[in-house]
Amino acid sequence: MLATLSALTAAAAETKETVNPVLPTTNEIIYGGIFFVLLLIFMWAVCLPPIKKAMRQRDEQVQADLEAAERARAEAEQVRRDYDATLAEARSDAARIIEEARQAAEARRAELIGAAESEIAAQRQAALAELDAQRAAALGDLTAEVAGIATAAASQVVQRELDAVSQRPVVDDYVNQAIAAR
Amino acid sequence: MFAAVEFPPIENIVEWPNWFGSGALGFNKIAFMSFLAFLLPVLLFLIASSKYKARLVPRGVQTVVESTVDFVEKQIILPTIGPDGMGYLPLLLSMFVFIFIGNIFEVIPTAHMPANARMANPMLLALLTYVVFIGAGLKHNGPKYFVQALFPPGVPKALYILVTPIELISTFAVRPFSLAVRLFANMLAGHILLITFSVLTISLVGGGILAIISPFSFFMLTAFTGFEIMVAFLQAYIFTLLTGVYIGGAIHPAH
Amino acid sequence: MSTLSHIVHTVAQQAGEATADADAAKNTAAASGAGMAYGLAAIGPGIGIGYLVGQAVQAMARQPESAGQVQTTMFLGIAFTEALALIGFVVFILLKFV
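Bear in mind the structure is a predicted one, so any value in this text is a computation, not a measurement.

Draft legend 1. Inspection of the overall build of chain A at higher detail. Tallying secondary structure elements over chain A gives three helices and zero strands in all. Taken from N to C terminus, the helices and strands of chain A fall in the order α-α-α. Here chain A, with 182 residues, has 17% of them falling under the buried criterion. In the structure as shown, chain A presents an accessible area of about 13,300 Å², 61% of it carried by carbon and sulfur atoms.

Draft legend 2. Examining the overall build of chain C more closely. Summing up its helical and strand segments, chain C has three helices and zero strands in all. Taken from the N to the C terminus, the helices and strands of chain C come in the order α-α-α. Looking at the 98 residues of chain C, the share that counts as buried comes to 34%. The long-range fraction of contacts in chain C, counting pairs at least 24 apart against all pairs at least 6 apart in sequence, stands at 64%. For chain C, the exposed area adds up to about 5,400 Å²; of that, 66% sits on carbon and sulfur atoms.

Draft legend 3. Highlighting the confidence of the model for chain A. All names here are of chain A. Averaged over all residues, the pLDDT of chain A is 84; the fraction at 70 or higher stands at 88%. Predicted confidence in chain A is weakest over helix H1 (residues 2-16), with a mean pLDDT of 51, and strongest over helix H2 (residues 26-158), with 90. Across residues 12-17 the pLDDT falls below 50, and counting only partners more than four positions away or on other chains, this stretch makes seven contacts in the model.

Draft legend 4. Representation of the pattern of salt bridges within the structure. Using the criterion set out here, one finds 15 salt bridges over all chains in the structure. A salt bridge links Arg135(A) to Asp132(A), with the shortest nitrogen-to-oxygen separation between them at 3.8 Å. A residue pair is termed a helical-turn pair when its members lie 3 or 4 positions apart in one helix, as Arg135(A) and Asp132(A) do in helix H2 at three residues. Its relative accessible area of 60% is what places Arg135(A) among the exposed residues. A salt bridge links Arg118(B) to Glu15(B); the nearest nitrogen and oxygen atoms lie 3.2 Å apart.

Draft legend 5. Up close: a nonpolar patch on the surface. On the surface, a cluster of nonpolar side chains totalling about 570 Å² of accessible area is made up of Ile209(B), Leu210(B), Ile212(B), Ile213(B) and Phe216(B). Tracing the backbone through its elements, the reader meets Ile213(B) in the loop between helix H7 (160-205) and helix H8 (214-251).

Draft legend 6. Structural context of the interface of chain B and chain A. Counting residues at the interface gives 48 residues for chain B, matched by 35 residues for chain A. Roughly 3,600 Å² of surface becomes buried between chain B and chain A when both sides are summed, with 76% attributable to carbon and sulfur atoms. For the interface between chain B and chain A, the tally reads three salt bridges. Glu66(B) is the partner of Arg58(A) in a salt bridge, and the nearest nitrogen-oxygen pair spans 2.4 Å. The set of elements that each furnish at least two residues to the side of chain B that touches chain A consists of helix H1 (10-14), helix H2 (29-50), helix H3 (61-80), helix H4 (89-104) and helix H5 (120-141) of chain B. For the side of chain B that touches chain A, the per-class residue count stands at 34 nonpolar, eight polar and six charged.

Quick notes on the rules
Residues numbered from 1 in each chain as written. Chains lettered and ligands numbered in written order. Predicted model: local features only at pLDDT ≥ 70, side-chain atom pairs only at ≥ 80, totals over all residues. Heavy atoms only, no water. Helix = DSSP H or I, 4+ residues; strand = E, 2+ residues; numbered from the N terminus. Buried < 20%, exposed > 50% of the residue type's maximum accessible area, 1.4 Å probe, protein only. Areas by Shrake-Rupley, 256 points an atom, 1.4 Å probe, with all protein chains shown as cover. Contact = heavy atoms within 4.5 Å. pLDDT = per-residue confidence, 0-100. Salt bridge = Lys/Arg side-chain N within 4 Å of Asp/Glu carboxyl O. Patch = residues over 30% accessible without salt bridge, like charges linked within 9 Å, V, L, I, M, F, W, Y side chains within 5 Å. Buried area = accessible area lost by both parts, 1.4 Å probe. Nonpolar A, V, L, I, M, F, W, Y, C, P; charged D, E, K, R; others polar.

Shown next as structure tokens:
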């Protein structure tokens, strides 16, 4: 079959004498070759290097920016943590100071209260003592008066001058008994 | 409105008259496309690199250029050659943009002809790939490269009778041929497909009652135009990817 | 193979009888041979690419994390498989237009 086909092809080629659409023509080879080689040289030497350089530079810059952003984030994190720590410390300080102040105030209050109480107690003691003294004095006076009156009354009764001083123990005794009975 | 249109002879859809010059220096449409495929990427790259002084963040042209470079690096070089193949970036990038711009003229109005539907550019690039991958193998492995390529390690000795001729043919004979033919035939087929539907649409418009079918034909033409944009990209990608695979295989013959 | 050759011969003979023009007969035979060459060349790669892409989609569905690698390998496989159909297409062009 191949022989037949090739024979037919050859015959057709001989009779028609046309250009073969499959085969390249010289002028197109020459111009194609010239322009491709020119393109290759331009790409190699002129066009590609700046593009590649820019792409690499941008890649590097993007990488650097990413790293910088990461660093900044870490720094911010660190600052935040420091701030948090400082804040917590300040809070605990404040709490401690307040507590101390409260305790001091408490102590001071207790102290003041104690002082006031002791003063009050002392005053009361003094007042009581004075009262006792006055009462004793009054009692003495009263006893003396009562003794005088009783002696006078007794003198009237017995019609005889009684010595107030010599009768005094009797009166005292009685007064004391009255006080005790009361 | 339109007269029925005959399908043009093949010479009329792939052969282009010289604009100036003649013979071996005849400058025709294909040569002009090759020139644009050289000029446009260079201009774009220069504009992009001139803008980096103003700002480092890419915008507009810079985005296009950088995504192209990134695509060739990440999608072509890394999976095929690996990180040590970055030195082949200028070659593979030039190949990619040269083929892609040559292809995309297939769907650009007023051009409507892929430069790679002519055998010249695919053949040149395939031969360049052939030279480069053998050169890469020799550079990285020395003359031992041929031994490793023809007598792959780990194969039983008796099988070399079978393996070595196959390797010889597939590696050193078929590769450039299949590379060139793949690109060329894809673009030529797409070109003929688009012409077929264009001719069909116009013929149907001038074909009396058949004119009612022509919108469907026109829809197919539009759909295939979109498809051919994809093919233009895909063929540039595949050509470059295969170049990368061949270079990678020559550098690391163990895999 | 002999059947094909027979068909080509028959077509050539019939064309030759119909037109009584040797060149036209050869052209007709070449055109029919070209169509057949491309049609036959498209069968295998059609099946192959369908199977390949199907398997690749399955692989990507099972392991979406390796989709990129599978895709690259898929395009390589398509490129190798498609080459056969494209060689058929080139033969078609050679037969039809040359």
